[in-house]
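Report on the structure
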Amino acid sequence: MAIGRHAGHGAGRRMTTHAPRVVIVGAGAIGAFYGAILQRAGARVEVVLRSDAAVVRERGFCIDSPLGDLSYRPAAVYGPEDTPVPGADFVICCVKVLPDIDRAALIAPWLGPQSAIALIENGLDIEPAVAEALPDHPLISALAFIAVSRRGPGEIEHRAYGRLTLGAWPQGVSEEARQLAQWFEAGGVDAKCRESIVRERWAKSLWNTPFNPISVLADGTDTVTLLETPGGEALARAAMAEVMAVAAADGYPLPDDAIDRNIEATRRMPAYRNSMALDYRAGRALEIDAILGNVVTKAERLGVAVPRLHTLQTLIRMRARESGSIG
Ligand SMILES: NC(=O)C1=CN([C@@H]2O[C@H](COP(=O)(O)OP(=O)(O)OC[C@H]3O[C@@H](n4cnc5c(N)ncnc54)[C@H](OP(=O)(O)O)[C@@H]3O)[C@@H](O)[C@H]2O)C=CC1
Ligand SMILES: CC(C)(CO)C(=O)C(=O)O
């Protein structure tokens, strides 16, 4: 699993450009953590919250992290009743990618003519809904390789890792992406820009698309149980091979040894519950379409047979219905 081996490399690089105003829409685990990193770098970080707004306004975020104490008070905390203040330099969206959340509508009120949008979210093909609704703003797509979760309102547990991969969507490295990556690096996490963020999304999907739903279907199991249960690794490998086939048909062939390398890296990690397994265990909605459904849809469009992914999709939809969550 290409998740990186360490959380970061210590804050310290001085930025020469003006400190940006950053609005984080959906400051849950990911948004609160990367907000801390940007505030540590000197950015003005404002957060938009829903259920946790009152608590965070009163106490700020408490973040337990191997990087040190990342607890902070954002420069502003907005709840659903507050009037948005447009004109952020960066509006960073970190909500879950769910069918009933209109992410473009959440982002739009914070934009000014010069604003760039960044998405730090999992999944494949998650950008068009935002890009089509907000075509006048540069769009940065970013992938987080991190283990972080919410323990309670405003309480975040960062367990490991933290690196980011960023790029302009649909491709290239824009000045905005480069700038944002530099601010993250200044705050102490590795943040690298890549020419093809879609290729990077396929490479991450190779892991998330099989592992996330399999772990949920196995009652939110961790990586060690998943790989050590007889048949578990074989199932993961077979589903990964289907993701590889769709990626290749889409024009993004992944290296031949990508599956072996992901399995070996996962074996080297301590037992790990992915974000979907944590959502499942907490009774939250699951990002089924973003992480799995969009790959199956693409496979159907490209004429690639994905029987295992199809089965996983049907079963996890049943599971989500059974538990009353959407996804
Ligand atoms: N956690 C992890 O380790 C990783 C997560 N990711 C990805 O990052 C993305 C974010 O995940 P994560 O941070 O874990 O999710 P969380 O559920 O912790 O955070 C999402 C936040 O968005 C808020 N939100 C939802 N709707 C609204 C709204 N209408 N207005 C304001 N805020 C809203 C939620 O508030 P509320 O509590 O009210 O629902 C919550 O605070 C996902 O795509 C995930 O797959 C990627 C890699 C690792
Ligand atoms: C790759 C991984 C496992 C951690 O970044 C993830 O994306 C998740 O937990 O969903």
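Just so it is clear, the structure is predicted and the values come from calculations on it, not from any experiment. Throughout, residues of each chain are indexed from 1 in the direction in which the sequence is written. Going through the entries in the order they are written, you letter the chains from A and number the ligands from 1. Where local features are concerned, this predicted model is filtered to residues with pLDDT of at least 70; where side-chain atom pairs are given and counted, the filter is 80 or more; whole-chain, interface and lining totals use all residues.

**What about the confidence of the model for the protein?**
- With 94% of its residues at a pLDDT of 70 or more, the protein has an overall mean of 94.
- Per-residue confidence from the prediction method is given by pLDDT, with values spanning 0 to 100. Residue pairs qualify as contacts under a 7 Å threshold applied to their C-beta atoms, which are placed from the backbone. pLDDT under 50 marks residues 1–14. Its contacts with residues more than four places away, or in other chains, come to 35 contacts.
- Across the interfaces of the predicted complex, the ipTM metric reaches 0.98, alongside a pTM of 0.95.

**Side note on the site of ligand 2**
- As a matter of local geometry, ligand 2 sits amid 12 residues, with Asn122, Phe145, Ile146, Asn274 and Ser275 nearest to it.
- Labels follow the DSSP assignment, with helices taken as runs of H or I lasting at least four residues and strands as runs of E lasting at least two, numbered in each case from the N terminus. When residues of the shell around ligand 2 are traced back to their parent elements, those giving at least two are β7 (139–152), α6 (197–217) and α10 (275–281).
- Ranked by the residues each element gives to the shell around ligand 2, the list is headed by β7, at 4 residues.
- Under the scheme applied, nonpolar residues are Ala, Val, Leu, Ile, Met, Phe, Trp, Tyr, Cys and Pro; charged residues are Asp, Glu, Lys and Arg; polar residues are all the others, including Gly. Grouping the constituent residues of the shell around ligand 2 by class yields 7 nonpolar, 5 polar and no charged. In this analysis a residue is considered near a molecule or strand if the C-beta atom, reconstructed from its backbone, is found within 6 Å of that molecule or strand.

**A word on the pairing of strand β2 (residues 44–48)**
- To sort residues by burial, count the other C-beta atoms lying within 10 Å of each one's C-beta; a count of 20 or more means buried, 12 or fewer means exposed, and anything in between means partly exposed. C-beta atoms are built from the backbone. Of all 5 residues making up β2, 4 are buried, and the element is well covered by its neighbours.
- Here the rule is simple: two strands pair whenever DSSP picks up at least two bridges between them. Bridge analysis of strand β1 (residues 21–25) against β2 gives 5 bridges, and the strand direction is parallel. What sits directly across from Arg21, in β2, is Arg44.
- Sheet topology note: the β2/strand β4 (residues 76–78) ladder contains 3 bridges and is parallel. Counterpart to Val47 in the pairing with β4 is Val77.

**Considerations on the site of ligand 1**
- Not every one of the 27 residues close to ligand 1 is listed here, only the nearest: Gly26, Gly28, Ile30, Arg50 and Asn122.
- When residues of the shell around ligand 1 are assigned to their parent elements, the largest contribution, 6 residues, is made by β7.
- Of the residues in the shell around ligand 1, the class split is 14 nonpolar, 7 polar and 6 charged.

**Considerations on the environment of Gln39**
- Positionally, Gln39 belongs in helix α1 (residues 29–41).
- Distance from Gln39 to Ile126, taken between C-alpha atoms, is 26 Å for residues 87 residues apart in sequence.
- Discounting chain neighbours no more than four positions away, the residues touching Gln39 are Val45 and Tyr72.

**Observations concerning the domain arrangement of the protein**
- Looking at the protein, the domain boundaries give domain 1 (21–195) and domain 2 (199–322).
- Each partner contributes to the interface: domain 1 provides 15 residues, whereas domain 2 provides 15 residues.
- Of all the secondary structure elements, the ones that give two or more residues to the side of domain 1 that touches domain 2 are β7 and β8 (155–168).
- At 3 residues, the largest contribution of residues to the side of domain 1 that touches domain 2 is made by β7.
- Here the residues of the side of domain 1 that touches domain 2 sort into 7 nonpolar, 5 polar and 3 charged. Here the bounds of each domain stem from an automatic or database domain assignment.

**Overview of the UniProt feature "domain: Ketopantoate reductase C-terminal" (unreviewed entry) in the protein**
- UniProt positions are given in the numbering used here, feature names are shortened, and annotations may be inferred rather than shown by experiment. UniProt tags residues 197–319 as "domain: Ketopantoate reductase C-terminal" (unreviewed entry).
- Across residues 197–319 one finds 74% helix and 0% strand; the C-alpha atoms that close the span lie 31 Å apart.

**Section: the pairing of strand β6 (residues 116–120)**
- By the criterion of burial, β6 is predominantly enclosed, with 5 of the 5 residues buried.
- Every second residue of β6 is oriented toward a common face, with Ala116, Ala118 and Ile120 on one face and Ile117 and Leu119 on the other, all of them buried.
- Bridge count for strand β5 (residues 90–93) against β6 is 4 bridges, and the pairing is parallel. By the bridge assignment for β6, Phe90 is matched with Ala116.
- In this sheet, β7 lies alongside β6 in parallel orientation, the contact comprising 4 bridges. For Ile120, the partnering residue across the bridge sits in β7 and is Ala142.

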